[in-house]
Structures are given as structure tokens and as C-alpha cells.
Amino acid sequence: MKLLLKNGTIVTSGKVFKEDILVENGVISKIGKNLSIDSGQAVDLHGQYIMPGGIDVHTHFNLDIGIAVAKDDFYTGTVAAACGGTTTIIDHMGFGPKGCTLHHQLDKYKADAETDAVIDYSFHGVIQHINDEILDEMDSMVEDGITSFKGYMTYDYKLQDKNMKVIMEKLSSLGAMTTVHAEAHDEIQELRKKYIEDGKVEPIYHAKSRPVKAEVEAIERMIKMSKEAGEAPLYIVHLSSGDGLDVIKKARAEGRNIYAETCPQYLFLNEDKYLEDKYRGLKYIMSPPLREKNNNKRLWKGIAEGYIQTVATDHCPFDFKLKKELGSKDFTKCPNGAPGVETRIALMYSEGVTKKRISITKFVDVVSTTPAKLFGLYPKKGEIILGADADFMIIDPKKKMTIEHKNLHENVDYTPYEGIDLVGYPTMTISNGEIIVKNGKFLGKKGRGKFIKRNRF
Ligand code: URP
Ligand code: ZN
Ligand code: ZN
């Protein structure tokens, strides 16, 4: 089946140019002026941008946190992602039963995604303990295409520093990336205990009990360990603070092997949200928490200057109804996480490109190309070149839209971005040469997405 994209403006992370794209059998077969076809479908994209499909390298579909399961599964979550312009996700697998193997979670997640996902997908491995067997198993995980892993410095399965270093050494030797949730556990635990004992149970104490300095201290420790592990590649997920960014800036200026991701919530929202009345602040309980407003600006600058390489979502949706039921008397009981997989591209385009905080090529770079490069998907994904997968997001730069939960496909009862006015919105999503979303309507089939065996870093 042939698909011809005509008269659009192609935008990659490196250039903007006006040419047509011919797709055959799901891959890009020709790029040039005045292309035509004798069979198949031609689409006129005059006035619209054709960009590599969005790549969201941080989702949590079906995440089981014991007290609740994240509301989007691999069907609803990937439909929402697709409707927002994303064509590939890399999901962070959740913790499995105590002592389980790495493949235990991979097998479970693969089975779920295989029947449900509507766009291409992969997973980050999750490390909840280590011993010789787990270290040996990393080899076969990497062989199986899982070339990045997440370790946590907080939560129940937090890893000790000495183990983190061993993990980084091993992963680096395999050409795999260590990703880390960087928050200093002990300090947070002490503060949480103190606030609850003092009767300070409202959502704002979630932020106060996870201060910026806990993120800074954890990032500093991880960067030091990466050096001790022979400059092992290290990727800081969901960076939330300007001070944390300063630590990363310094390390990168020294030529260190450090990468950072931030998320729309840390660019668009701030700590004041926790003060909304009637417990609405619970909607924003996530870790790390929202920060004081000045951090938004500092993180945008970090993206524009290249110190932050990716923008992902950390999509982890729980209904506000449930958050209230569990957390209205004690913020520590509220499930952590918020939705965002469908709004990432539109928010970043409108607030980033339309409002001139970042260039259009930088936008493509942080939402697609560099995520593909860092996580072994490039150049099949994240690029518009001959032979690449025909995954595109089409953006109409003039289309106006107000974000409203009722129009989104995320399977959750709110969006943190309600009421934000946008200029520029995805109008079409193409995955492997198939138009799967047109004007907000999902047209694809359940289970059409495929597992991508990722390359080594
Ligand atoms: O609050 C969050 N971010 N929940 C998802 C798990 C994580 O730490 O990424
Ligand atoms: Zn995390
Ligand atoms: Zn996460």
C-alpha cells in the first residue's frame, strides 16, 4: 500500500524544507519535489508540518502500585498517545513480586502490550534488587532489546548506592543506559513522618516533604557514581527543579555522560496547584512534586540550551475520585502520578514553538529525535529519511484548541492541563504508513502496535 504526503512542510531536528514523502510498505521510500503515485492514497498537507512521530520514553500503563492500578492500559493509553501525535512509547515496567527475575516483568508487560497496543512500543527494565543471577540476566534482557533500565533511589524497592554503582558498571559494559528516579529517600521519609505527626496532611505537604534539595542531593550522588563506574551513561528521569538542572549543567560542561528528561508538568504547573481548594491539590500528587514557579522558566531554558535532552510525560493516571478517597485525610496515602500522554506534543508545540521559547527543530529534537537516539530506536524512528519507519505527527500550526478533559482519550477523570489555550495542534498521526488518527478520531486497530527490539546505546 502506497501513501503520498503532498505539499506539507517537513520538519526534522536539523532542518525545515518543503518536499513530498512517499511511503511504501510502512517505510519512507522517497522524499522529493512533485512526487506522484498511480495507486494508493495521496494526502494534501498544505499549510501543515510533517514531523517524525512523537516518542514518549516515560509512560506507566497498567502500573500496579499495590493500592491501585494506573487507569490506562496498553489500549487506552496508546490510543490517547496516538491521538496526541505520539507513535512510539517506552513504558517503565512496574515492580513485580519480591525477588522476581527481570524477565518476569518483561514477559507480563509484553503479553499485555501485544494484544492491546496501537502504536509501537518497548519497555525499560526495572531493577528491584540485585544478586549474581540478576546481573547475569541483564545480558539476555539486552539481547532481547531492553537496552535501558530504571533504578529508584526512593520508594519500597530503592537501591543502595553500592548496588547502583555495580548496576551502572554492568549496564555500561553491555551498552545499556541506566535511568534513575533521583530523590534522596531518607530525608523524604523523615519529613513525611514529621508532617503527618504534626497533623500537616494537606496536599501542599507532599511538595514540602520532597524538597528540591532531596532531588539535588540524589542527582549529585548519581553523577558521582557514574564517574566511579567508568563514566557509565546515566539518564535522570523526570527532572523537576532548576537547582537539579544546574548540577546536570555542570556535569555536562565537564563532558560527563549524563542526560536529562523533564516533563510538561514541571514546565507548565507549579506548587500553587497543591493549594487549590476542596482537595483539588491531590490531582497533582506525583513524585517528584511540582515546584515553585521560577523552576518552570529555568527548565525551559535548560531545554533551549540543550542541557535537557528529552521531554517525556511520566504518564501515570489515577482518577481524582480515587486520589480523594485515599488521600484527602493524609497526602501520603494518595497514589502518586498524573496523566499527560495525550497533551505532551500540543503543549510543547504551542507553549514552546508558537510562544517562541524553543525553535521548531529543537521541539522535534526533544519530543522525538533525541529520545530515539538515546534509547536505541534511531534512525528507524525519530527521523525523516529513506528507509525509516513511516511514523509521523502532522501539526497544523494555526489550529486553536483549549485542553478539556472531555475531549481527551486518556482513561481518567481529569487532566492537569484543563483550560489551557493552545495554538498549533496535531491533526493526523501516521504509524508505519497507516493513518491511525485524523482530526482527533482514532482509526486504527487494537493490537496493531509492535514490540521494538532496541539497539544498544
Ligand atoms: O509520581 C510518579 N511519578 N509516579 C510514577 C512512578 C515514577 O516515579 O515515575
Ligand atoms: Zn520515577
Ligand atoms: Zn515514572
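Here we summarise the structure given alongside this text. Within each chain, residue numbers correspond to sequence positions counted from 1 in written order. Both sets of labels track the order of writing: A upward for chains, 1 upward for ligands. Given that the model is predicted, a residue must reach a pLDDT of at least 70 before its local features are reported, and side-chain atom pairs must reach 80 or more before they are shown or counted; all residues, however, enter totals for whole chains, interfaces and linings. Side-chain numbers here rest on the full set of heavy atoms in the structure, without hydrogens or water.

1. Structural notes on the coordination of the zinc ion (ligand 2)
Each donor-metal-donor angle in an ideal tetrahedron of four donors is 109.5 degrees, and each such angle in an ideal octahedron of six donors is either 90 or 180 degrees.
(1) Moving on: In this listing, donors mean N, O and S atoms no farther than 2.8 Å from the metal, or 3.2 Å for Na, K and Ca; water is missing from the atoms, so a site can look incomplete. Every protein donor of the zinc ion (ligand 2) is listed here as Lys150 (NZ), His181 (ND1) and His238 (NE2), and their distances to the metal cover 2.1 to 2.4 Å.
(2) Moving on: For the zinc ion (ligand 2), the single-chain donor residues occur in sequence as K-x30-H-x56-H.
(3) Moving on: In this structure, the zinc ion (ligand 2) is positioned 3.8 Å from the zinc ion (ligand 3). With lysine 150 in strand β11 (residues 148-152) and histidine 181 in strand β12 (residues 177-181), this pair connects stretches of sequence that are 31 residues apart. Each member of the pair, lysine 150 together with histidine 181, is buried. Helix numbering and strand numbering both begin at the N terminus, where a helix is a DSSP run of H or I of at least 4 residues and a strand a DSSP run of E of at least 2. Exposure categories follow from relative accessible area, calculated using a 1.4 Å probe and restricted to protein chains: below 20% of the type maximum is buried, above 50% is exposed, and the middle band is partly exposed.

2. Considering the coordination of the zinc ion (ligand 3)
(1) Moving on: Ligation of the zinc ion (ligand 3) by protein atoms is provided by His58 (NE2), His60 (NE2) and Asp314 (OD), these donors lying 1.9 to 2.1 Å from the ion.
(2) Moving on: Its four donor atoms give the zinc ion (ligand 3) angles of 89 to 136 degrees at the centre, a pattern that matches the irregular case.
(3) Moving on: Counting gaps between the donor residues of the zinc ion (ligand 3) yields the pattern H-x1-H-x253-D.
(4) Moving on: Note on aspartate 314: relative accessible area 9%, which makes it buried. Site shape is set this way: if four donors have all angles between 85 and 135 degrees, tetrahedral; if opposite donors are over 155 degrees apart and all others between 65 and 115, square planar for four donors and octahedral for six; otherwise irregular.

3. Quick look at the sheet that holds strand β17 (residues 421-431)
(1) Moving on: A pair of strands is considered paired only if DSSP assigns at least 2 bridges between the two. Pairing within the open sheet is mixed, and its seven strands lie in the order β3-β2-β7-β16-β17-β18-β19. Strands at the two margins of the open sheet, each flanked by one partner only, are β3 (16-17) and β19 (441-442).
(2) Moving on: Bridge count for β17 against strand β18 (residues 434-438) is four bridges, and the pairing is antiparallel. The partner of serine 431 across the bridge, within β18, is glutamate 434.
(3) Moving on: Most of the contacts of helix α1 (residues 76-83) go to β18, to which it runs at about 85 degrees, and overall it touches β17, β18 and β19.
(4) Moving on: Each of β7 (49-52), β16 (392-402) and β17 is contacted by helix α12 (residues 344-354), which is oriented at about 130 degrees to β17, the strand it contacts most. Only heavy atoms enter the contact rule, under which two residues are in contact if any of them lie within 4.5 Å. Fitting a line to C-alpha atoms yields each axis, with helices limited to the stretch in contact; the angle taken between N-to-C directions then spans 0 to 180 degrees.

In short, the description is geometric, and any link to function would need to be established separately.
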